[in-house]
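Structural features, examined
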Amino acid sequence: MKIILIFNFLALVLLFFFGKLELISLVILCISNSALLYFASKIKDQKIKRKKNTEDLNVINSSKVFTAEDLENQLINQIEDYILFINSFNTISAANQAAKSYYGDVIGKDLSSFIRAPDLLDKIENSRNRRINEYLEFEINLPTYSFFRLTIVPLSQKNVLLVVKDYTDFKKSEKLRSDFVANVSHELKTPLVSIKGFLETISSSAKDDPVAQQKFIKIMQEQADKMEILISDLMSLSRIEMQEHVQPNSKVNINEIFESLERMPNKLAEKKCLDIKIVKNDTIPLVRGDYDKISEVVQNLYDNAIKYTKDHSAVELFLHKNEDKLLKGSVSIHVKDQGIGIPKDEIHRVTERFFRTANAKKNLIQGTGLGLAIVKHIINQHRGDLEINSRLNEGTEFIVHLPIYEKKD
Ligand code: ADP
């Protein structure tokens with residue numbers, strides 16, 4: 001700074017005493033003044049920065065001190081389990097945020113009006129008297145099924161702490177798994193028992209009856225086919241479940257899938273004298289996905305439509321590009337039949353594994369109950385959607401919405 005001021009002074013002296021050196025003096029004056037302005041702005045910035053730091057420090061100093069108690073409160077409120085403090089009269093004296101959100105306004109209220117579990121009060125009493133942790137499991141069925149595990153921790157002066165853990169999801173998946181094993185065993189055992197029975201008949205009472213033998217061999221063949229379909233459906237389902245989180249990323253032309261369906265003769269459709277209409281649409285954009293998997297979806301829905309439609313009726317397949325706001329950016333595959341239909345209250349269940357409508361069973365239509373579960377998983381993997389519209393004894397329409405292939409940014 002000092003040097004700049006000296007230059008400034010020098011320039012002024014030159015200008016004053018040696019008028020002829022005006023230009024040089026002016027240049028020196030300009031340069032030194034610009035430097036002066038630059039350094040002045042730097043000093044101002046630094047001052048502002050210093051002031052801000054001091055202000056921040058003041059804010060920190062003036063803010064409330066974060067005590068251990070605050071920390072504990074914060075920690076307890078971050079816990080997802082429901083935590084309740086119960087006093088010696090079994091009244092709730094405090095609760096964490098999770099408990100308040102689940103049970104509502106609980107403070108000052110009687111515990112038994114919130115948790116109705118047999119043995120709860122006895123266990124609390126035991127925990128108080130013996131000063132030990134007690135454990136309890138209970139479930140509620142209304143408004144929906146829930147399952148809880150509860151720990152009772154004794155505190156001072158007959159107070160106790162209740163920690164309620166929600167195990168509903170775990171219980172549900174456990175039940176799903178055991179139902180699944182039971183279903184698979186049942187579905188495989190039925191044809192197996194039948195095959196064993198016929199084998200025994202062929203080797204004993206029908207030993208010398210070639211006509212009966214041929215008949216039984218045909219039935220055994222059908223049962224073995226049934227087992228094969230079931231096993232292949234199960235393998236397909238487990239494969240797709242494992243890959244569900246990875247969205248397939250190829251360009252798929254649904255028209256090509258329709259073409260391959262058209263080329264394949266369908267014995268059942270011929271037997272039922274069906275009018276099959278597969279309508280391609282060249283204006284439909286490509287979708288994002290996996291060709292084989294989308295083929296599996298279309299094939300499954302097509303086979304079902306043929307299976308469940310009435311004799312001499314029509315099955316239609318067509319494509320549609322969605323223009324409405326909600327579904328924009330998707331292509332719909334429609335599969336429509338004029339069959340037995342699905343009761344309204346069962347529509348939401350048909351994609352569950354092994355679920356078969358009473359209507360289908362009554363009409364003795366064979367199936368594994370796994371096809372639509374596979375369809376649903378594949379559509380989920382494609383980030384698509386499945387819509388089902390049905391009228392009992394009039395027909396059903398399955399609509400698959402799949403995302404259009406667009407370049408990602
Ligand atoms: P399935 O092998 O029994 O056909 P799916 O998983 O494909 O198994 O279908 C599950 C159930 O949904 C069927 O058992 C049937 O009750 C019902 N369903 C599926 N598609 C149709 C349809 N097009 N019309 C009427 N009911 C259907």
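Residues numbered from 1 in each chain as written. Predicted model: local features only at pLDDT ≥ 70, side-chain atom pairs only at ≥ 80, totals over all residues. Heavy atoms only, no water.

**Observations regarding the packing of helix α10 (residues 291–308) against helix α12 (residues 371–381)**
Following both chains from N to C, one finds α10 and α12 inclined at 145°, their axes separated by 9 Å at the closest point. The chirality of how α10 crosses α12 is left-handed. Here α10 contributes Lys293, Glu296, Val297, Asn300, Leu301 and Asn304 to the contact with α12, which in turn contributes Gly371, Leu372, Ile374, Val375, Ile378, Ile379 and Gln381. Across the contact of α10 with α12, the residue classes tally to seven nonpolar, four polar and two charged. (Axes fitted to C-alpha atoms, helices over the stretch in contact; angles between N-to-C directions. Helix = DSSP H or I, 4+ residues; strand = E, 2+ residues; numbered from the N terminus. Left-handed = near helix turned anticlockwise from the far one by under 90°. Contact = heavy atoms within 4.5 Å. Nonpolar A, V, L, I, M, F, W, Y, C, P; charged D, E, K, R; others polar.)

**Overview of the sheet that holds strand β12 (residues 395–403)**
Read across the open sheet, the five strands follow the order β7-β9-β10-β12-β11; overall the sheet is mixed. Two strands bound the open sheet, and with one partner strand each, they are β7 (275–278) and β11 (385–391). Between one strand and the next, the sheet's axes are offset by a mean angle of 15°, whatever the strand orientation. Where strand β9 (residues 314–321) lies against strand β10 (residues 330–336), six bridges are found, and the strand directions are antiparallel. Paired with Phe318 across the two strands is His334, which belongs to β10. Along the sheet face, helix α8 (residues 254–263) touches β7, β9, β10 and β12 and points at about 165° away from the line of β9. (Pairing = 2+ DSSP bridges.)

**A look at the packing of aromatic side chains**
Within this structure, the stated rule accounts for ten aromatic pairs. Ring centres of Tyr102 and Phe148 lie 5.9 Å apart, and the angle between their planes is 65°; this geometry places the pair in the edge-to-face category. Of this pair, Tyr102 sits in helix α4 (residues 97–103) while Phe148 sits in strand β4 (residues 146–154); the two residues are 46 residues apart in sequence, bridging distant segments of the chain. Among the aromatic residues, ring-to-ring pairing joins Tyr82, Tyr102, Tyr103, Phe114, Phe138 and Phe148 into one connected group. The residue whose ring lies beneath Lys171 is Phe147, and the NZ or CZ to ring-centre distance is 4.6 Å. Seen from the ring of Tyr405, Arg288 lies directly overhead, with NZ or CZ sitting 4.4 Å from the centre. (Phe/Tyr/Trp six-rings, centres within 6.5 Å; stacked < 30°, edge-to-face > 60°. Lys NZ or Arg CZ within 6 Å of the ring centre and 35° of its normal.)

**Some words on the packing of helix α7 (residues 210–243) against α12**
Closest axis-to-axis distance for the α7/α12 pair is 9 Å, and the angle between their directions is 20°. The pairing of α7 with α12 is recorded here as roughly parallel in orientation. Along this stretch, α7 crosses α12, giving a crossing that reads as left-handed. Residue-level inspection shows Asp233, Ser236, Leu237, Ile240, Glu241 and Gln243 of α7 in contact with α12, the latter providing Gly371, Ala373, Ile374, His377, Ile378 and Gln381. When the residues that make up the contact of α7 with α12 are grouped by side-chain class, the tally is five nonpolar, five polar and two charged. (Parallel < 35°, antiparallel > 145°, perpendicular 65-115°, else oblique.)

**A short note on the sheet that holds strand β5 (residues 160–166)**
Ordered by their spatial adjacency, five strands build an open sheet running β2-β1-β5-β4-β3, and the pairing between neighbours is antiparallel. Among the strands making up the open sheet, the edge pair consists of β2 (92–95) and β3 (134–140). Going from strand to strand, the sheet's axes swing by 25° on average, the running direction of each strand aside. Pairing analysis gives three bridges linking strand β1 (residues 82–86) to β2, with the strands arranged antiparallel. For Phe85, the partnering residue across the bridge sits in β2 and is Ala94.

**Comments concerning the pairing of β11**
Successive side chains on a regular strand alternate, one facing one side of the sheet and the next facing the other. Here β11 shows one buried face, formed by Leu386, Ile388 and Ser390, and one open face, formed by Asp385, Glu387, Asn389 and Arg391. Inspection of the sheet shows β11 paired to β12 by seven bridges, in the antiparallel sense. Within the sheet, the bridge partner assigned to Asp385 lies in β12 and is His401. What sits between the antiparallel neighbours β11 and β12 is a turn of three residues, in which Asn393 has the positive phi angle 65°. (Buried < 20%, exposed > 50% of the residue type's maximum accessible area, 1.4 Å probe, protein only.)

**Let's talk about the pattern of salt bridges**
Using the criterion set out here, one finds 13 salt bridges in the structure. Between Asp81 and Lys165 there is a salt bridge, with its nearest N and O atoms 3.1 Å apart. In this pair, Asp81 is assigned in the loop between α3 (68–78) and β1 and Lys165 in strand β5, connecting sequence segments 84 residues apart. Judged by relative accessible area, which is 18%, Asp81 ranks as buried. Between Lys218 and Glu222 there is a salt bridge, with its nearest N and O atoms 3.5 Å apart. With Lys218 and Glu222 both in helix α7 and four residues apart, this pair spans about one turn of that helix. The exposure class of Lys218 is exposed, given its relative accessible area of 55%. Sharing partners across several salt bridges, the network here consists of Glu259, Glu262 and Lys280. (Salt bridge = Lys/Arg side-chain N within 4 Å of Asp/Glu carboxyl O.)

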